[in-house]
Amino acid sequence: MKEYIYLDTELVNSYLAQLDEGVLSKMITGSSSTNTNQEDGGNEIKNTTKGGVQAYFANGGHEYSKTEIDKYSSVYSQNNSELIETALNDYSLDILLDKLRERNLLQDSDSNWEDGEMILSSGKLNVFNFSQIQKSTVPDVLANVHPEDLEITRLKNELETLMKNNQSILKHSQRIIEVRANLQEIDPFGSLNKMSEFMDILFPETTLFNIENLLIMCANENMRTNIPTLSLYSYTDRKFKVLGVIISNNKKTLVPNGEDSWPAIKIASESPAAFMEIMLNSFEISNNDSYFIKPIAIYYEKE
């Protein structure tokens, strides 16, 4: 029995369709039974007539018999056929796994994975929902359970005053840098709120999972559990399995050094990925050995 956290049924059906030359969405099995009954009946009628004749030269008689048979035999046959339709739904993943193994298309060893390979791996699960983090660290919301420190309030007010116009910003630029540094140091929730807001822009409607050296980006619409329950999976020591496709390896950095100058087309194409790399490294979610995964399923299965 599998405990699903994430299942992309469209992807499952897509791969099954390619392997089977069509989508297998249900199985139908049939059973047949036949009942036969025979009835016999009818009447048999026999009429007999006797007579005689007397003559001078002879004396004789005769008997006439007539039999009428009226019989019937009826056979009744009843044939029942029962069709049982089984919708595959979640079971279709088991069928896909079997077919991938039959064709040696599934990699379960993490040595030298290549882009585009389909892998099955397992490990402890870490969950990152940046929309939830951002909403829960909004100052007005957080103040209900964690009143803001007076020093933080003072520094925020000072920063607002220093940045009231461009002239003030130019005049007090050094002090602005100092105030921001102090706020970042003593107000971790403020920094977390800003970073998670940016992460929610980079990963919209997406929950990130980390299993060992795998970074898995899951569409929220395919989640099999709600957000509060999802957050609690980070506390369990159970090993979850992930089936997915390798998008790329993080060995090649996308972040330019100070000497590089990117052309416009490179900025438009790769800057979002570069921002992702910077932010993921800042949260220590990924490193240079991480693999980015396009997920098909994440589940727990007791062995």
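It should be emphasised that the depicted structure is a prediction, and the values quoted were computed from it without experimental measurement. (Residues numbered from 1 in each chain as written. Predicted model: local features only at pLDDT ≥ 70, side-chain atom pairs only at ≥ 80, totals over all residues. Heavy atoms only, no water.)

A.B. asks: Which residues make up the nonpolar core, and what values go with them?
C.D. replies: If you look at the biggest cluster of nonpolar residues, it comprises 21 residues, and the most contacted ones within it are Ile5, Leu125, Phe209, Leu214, Ile216 and Ile298. Contributions of two or more residues to this core are made by strand S1 (2-7), strand S5 (118-128), strand S6 (206-211), strand S7 (214-219), strand S8 (239-249) and strand S9 (291-301). Counting residues per element, this core draws most heavily on S9, at four residues. Residues contacting Ile5, with those up to four places away along its chain left out, are Leu125, Phe209, Asn222, Met223, Arg224, Thr225, Leu230, Tyr233, Phe240, Ile298 and Tyr299. Core analysis: the next-biggest nonpolar cluster, separate from the first, contains 20 residues, Leu16, Leu100, Leu120 and Leu243 among them. (Core = buried A, V, L, I, M, F, W, Y, C linked by side-chain atoms within 4.5 Å. Buried < 20%, exposed > 50% of the residue type's maximum accessible area, 1.4 Å probe, protein only. Helix = DSSP H or I, 4+ residues; strand = E, 2+ residues; numbered from the N terminus. Contact = heavy atoms within 4.5 Å.)

A.B. asks: Which residues make up the layout of surface pockets, and what are the values?
C.D. replies: Of the voids in this model, the largest pocket is the one considered here, and its volume is about 320 Å³. Listed by contribution, the elements that provide at least two residues to the lining of the largest pocket are helix H7 (173-186) and helix H8 (188-202). At five residues, H8 tops the list of elements feeding residues into the lining of the largest pocket. (1 Å grid on protein atoms, 1.4 Å probe; cavity = no way out; pocket = protein on both sides within 12 Å on 5 of 7 lines; lining within 4 Å. Points joined across faces, edges and corners; volume = space filled by probe spheres on them.)

A.B. asks: Now, about the packing of aromatic side chains: what can you tell me, with residues and values included?
C.D. replies: If you walk through the whole model with that rule in mind, you get five aromatic pairs. Ring centres 5.3 Å apart and planes at 70° place the aromatic pair Trp113 and Tyr291 in the edge-to-face group. Of this pair, Trp113 sits in the loop between strand S4 (106-107) and S5 while Tyr291 is found in strand S9, placing the two residues 178 residues apart along the sequence. An identical accessibility class is assigned to Trp113 and Tyr291; each is buried. Between Tyr233 and Phe240, the ring centres sit 5.4 Å apart and the planes meet at 85°, which makes this aromatic pair edge-to-face. The pair Tyr233 / Phe240 is uniform in exposure class, with both members buried. Of the aromatic side chains, those joined through ring pairs into one cluster are Tyr233, Phe240 and Tyr300. (Phe/Tyr/Trp six-rings, centres within 6.5 Å; stacked < 30°, edge-to-face > 60°.)

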